[in-house]
Amino acid sequence: MKVNSQTNRVPPLLTDLYQFTMAYAYWRTGRHREPAVFELFFRDNPFGGGFSLFAGLHDCLLFLRSFRFTDQDVDFLRSVLPPATDPAFFEFLRGLDCSGVTLRSVPEGTVVFARVPLMEVAGPLAVVQLLETSLLCLVNYASLVCSNAARFRLAAGPRRRLLEMGLRRAQGPDGGLTASRYTYIGGFDLTSNVQAGFLFGTPVAGTMAHSYVTSFTSLEEVWPQTLVAANGDPDPVDFISLTKGWLSRVCELLGAESGKIREGELAAFLSYAIAYPHNFLPVIDSYSVGCSGLLNFCAVALALSELGYRPVGVRLDSGDLCSQSVDVRLSTFDSLIIVGTNNISEQSMAELNKKENEIDVVGVGTHLVTCTKQPSLGCVYKLVEVRGRPTMKISEDPQKSTVPGRKAVYRLMDTEGENHTYYTVAPKNILPIKTQTSTDNQSRLLI
């Protein structure tokens, strides 16, 4: 992973103004160095389900390790904080870092539950207060989209591969990158996001857009028109003539009307196959799957096969994906990969499994990265101890009340193999955070 690109994402000014006014008030009264403990958790399991996946820990660690205010940062804070702010406070900020902060956390990707502490942040009061908004920003969406991905994976089942392709629908570039990274942790196999592949090593995949197909109108636009065989024979083959011959035979075999075939679509397939003979996977529904797309694909695929190449598959993006995938499988090679994409939601993914289909890969975008069923996880960051004394928020709303004191988190398994997570208020100075699959050393992450 490219660390420099990540540490620049979340500078210390990416926070709410009131964090600085509170930090100043702590500093003004001499309380800024008092030991304090905050906990980060969410109140309700997302999407009406029974669990969430915790994500964003690695980004939090990078943020804490690089937490420092530059001269430019401090100069800007001088301009936005009230004029009565003591100038010495800005010198205090200039020297701040997180060397005195300890972060204890459940492991990245762990199944977690409502109201159970995910992270405990301990350190000087002013510093750990300043961290609140940034840590919430890093955990909230990462955990939400990771959990959403896990729900899609459960709906899809273990066999079908899942492609995240939501960058164009995401809430900005950072949202798109975060989605690509954490949907992979949540169970997706691939992403269309090239930058995510570059930064995080996520496997990247893609097909072609309808615009490529519709940009062609005739076979005269295909260039070059020849292709050499895969066996290395130096003599180029007239690929257009070869494909035309196969198209006539395909139409005859399938009883199709050649007059309904779109020449521009055939030209697009030919051009792409000549460019990438080993990676031929076109979208075949730009006009009509049955009357044109499937026929053109079969002709080009058979021509490639005659020259020793292996066509990869097709993408379906509209209509009844299930029935179309069955038709494609019956009309083509058993080894072809059939990709289905068409505004797939968790519900439509589950319905897909109830119907006969031959879809191998499902591409998901909008409903995955925007988390349309629930826009926010609602993580909160609450003070539970200061100067060794437990603190508690009672609130007019009982649901917003907090449990005072530092916690010990346990995951237990009952006699039927079901997991249950509990937390207890830990005795003073004893802070175990235990999971069934990790040791204390793995769970305890120090800055």
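What you see as residue numbers is a count from 1 along each chain, following the sequence as written. Side-chain atom pairs in this predicted model are given and counted only at pLDDT of 80 or more, local residue features only at pLDDT of at least 70, and totals for whole chains, interfaces and linings cover all residues. Working from all heavy atoms in the structure, the side-chain values ignore hydrogens and water.

## Here's the deal with the overall build of the protein
Of regular secondary structure, the protein possesses 17 helices and 17 strands. Throughout, the radius of gyration refers to the C-alpha atoms, and the reference size of a globule is 2.2 Å times the residue count to the power 0.38. Whereas a compact globule of 447 residues would reach a radius of gyration of roughly 22 Å, the protein reaches 28 Å, over 25% beyond that. The dimensions of the protein, computed from C-alpha atoms along their principal axes, are 85 × 55 × 40 Å. When a residue's accessible area, from a 1.4 Å probe over protein chains only, is under 20% of the maximum for its type it is buried; when over 50% it is exposed; and in between it is partly exposed. Residue burial in the protein is summarised as follows: out of 447 residues, 51% are buried. Contacts are assigned to residue pairs that have any heavy atoms within 4.5 Å of one another. Here the analysis covers contacts within the protein between residues at least 6 apart in sequence; of these, 73% occur between residues at least 24 apart. Reported accessibility uses the Shrake-Rupley method at a 1.4 Å probe radius. Residues are deemed covered only where the shown protein chains occlude them. Of the roughly 20,800 Å² that the protein leaves accessible, carbon and sulfur atoms contribute 53%. Averaging the coordinates of the 41 positive side-chain charges in the protein and doing the same for the 44 negative ones gives two points 10 Å apart. Helix and strand labels come from DSSP, where a helix needs a run of H or I of at least four residues and a strand needs a run of E of at least two; each type is numbered from the N terminus. In this charge count, Lys and Arg are treated as positive and Asp and Glu as negative; neither His nor the chain ends contribute. To locate a charge, the coordinates of NZ of Lys, CZ of Arg, CG of Asp or CD of Glu are taken.

## Observations concerning the packing of helix α2 (residues 17–28) against helix α5 (residues 87–94)
Here α2 crosses α5 at 105 degrees, and the two axes come no closer than 11 Å. It follows that α2 is roughly perpendicular to α5 by the angle criterion. Contacts between α2 and α5 pair F20, A23, Y24 and W27 from the former with A88, F89, F92 and L93 from the latter. Amino acid classes used here: Ala, Val, Leu, Ile, Met, Phe, Trp, Tyr, Cys and Pro are nonpolar; Asp, Glu, Lys and Arg are charged; the rest, including Gly, are polar. Of the residues assigned to the contact of α2 with α5, the class counts are eight nonpolar, no polar and no charged. Between the N-to-C directions of two axes lies an angle of 0 to 180 degrees, each axis being a line fitted to C-alpha atoms and, for a helix, fitted only over the stretch in contact. Angles are sorted into four bins: roughly parallel if under 35 degrees, roughly antiparallel if over 145, roughly perpendicular if 65 to 115, and oblique for all others.

## Looking at the nonpolar core
To define a nonpolar core, start from buried Ala, Val, Leu, Ile, Met, Phe, Trp, Tyr and Cys residues and group those joined through side-chain atoms within 4.5 Å. Counting 120 residues, the largest nonpolar core has L93, L131 and F239 as its most contacted members. At 14 residues, helix α7 (residues 132–156) tops the list of elements feeding residues into this core. Here this core spans two domains, and each of domain 1 (17–149 + 376–410) and domain 2 (157–370) adds at least three residues to it. Residue ranges for the domains trace back to a domain assignment, done automatically or taken from a database.

## Some points on the domain arrangement of the protein
Annotation of the protein at the domain level lists domain 1 (17–149 + 376–410) and domain 2 (157–370). The C-alpha centroid of domain 2 is placed 46 Å from the C-alpha centroid of domain 1. Counting from both sides, the interface comprises 13 residues of domain 1 and, opposite them, 12 residues of domain 2. Of the roughly 1,000 Å² buried between domain 1 and domain 2 on both sides combined, carbon and sulfur atoms contribute 60%. We define a salt bridge as a side-chain nitrogen of Lys or Arg found within 4 Å of a carboxyl oxygen belonging to Asp or Glu. Linking domain 1 with domain 2 are one salt bridge, by the criterion used here. Reported buried area values correspond to the accessible surface (1.4 Å probe) lost by two parts on association, with both partners' losses combined.

## Notes on helix α3 (residues 57–65)
Among the nine residues that make up α3, seven are buried, leaving the element largely enclosed by the rest of the structure. For α3, the set of buried residues is L57, D59, C60, L61, L62, F63 and L64.

## Re the sheet that holds strand β12 (residues 361–364)
The strands making up a sheet associate through hydrogen bonds between their backbones, and the pairing can be parallel or antiparallel. One bridge is not enough; two strands pair if DSSP finds at least two bridges between them. Taking strand neighbours across the sheet as the criterion, the five strands line up as β7-β6-β12-β11-β10 in an open arrangement whose pairing is parallel. Only two strands of the sheet have a single partner each, and these edge strands are β7 (190–191) and β10 (313–316). As judged from the two bridges shared by strand β11 (residues 337–340) and β12, these two strands associate in the parallel manner. Along β12, the bridge assignment pairs G340 with V362.

## Observations concerning the UniProt feature "domain: Nicotinate phosphoribosyltransferase N-terminal" (unreviewed entry) in the protein
UniProt positions are given in the numbering used here, feature names are shortened, and annotations may be inferred rather than shown by experiment. Here, UniProt's "domain: Nicotinate phosphoribosyltransferase N-terminal" (unreviewed entry) annotation points to residues 13–140. Measuring from the first to the last C-alpha atom of residues 13–140 gives 18 Å, for a span that is 42% helix and 17% strand.

## Topic: helix α11 (residues 239–254)
An α-helical turn contains 3.6 residues, so any two residues separated by three or four positions project in the same direction. Residue count minus one, scaled by 1.5 Å, sets the expected span of a helix. In a regular helix each residue adds 1.5 Å, so 16 residues correspond to 22 Å; α11 covers 22 Å between its end C-alpha atoms and thus fits that length. Those residues of α11 lying buried are F239, I240, L242, T243, W246, L247, V250 and C251. When α11 is viewed along its axis, its buried side chains cluster within an angular range of 165 degrees and face the same direction. Against β8 (226–227), β9 (237–238), α12 (263–275) and α13 (289–306) lie the buried residues of α11. Polar contacts, as counted here, are pairs of nitrogen or oxygen atoms within 3.5 Å of one another; within protein the pair requires one atom able to donate a hydrogen and one able to accept it, and residues that are adjacent in sequence qualify only if both atoms are side-chain atoms. By the N-cap criterion, in which a side-chain oxygen at the helix start approaches the backbone nitrogen of a residue two or three places on, α11 is capped by D238, the distance to I240 being 3.3 Å. In this description, the arc belongs to the directions extending from the helix axis to the C-beta atoms.

## Examining a nonpolar patch on the surface
Where nonpolar side chains cluster on the molecular surface, the patch consists of L17, F76 and V80 and spans about 260 Å² of accessible area. Positionally, V80 belongs in helix α4 (residues 71–80). Within the patch definition used here, like charges are joined within 9 Å and nonpolar side chains (Val, Leu, Ile, Met, Phe, Trp, Tyr) within 5 Å, considering only residues with over 30% relative accessible area and no salt bridge.

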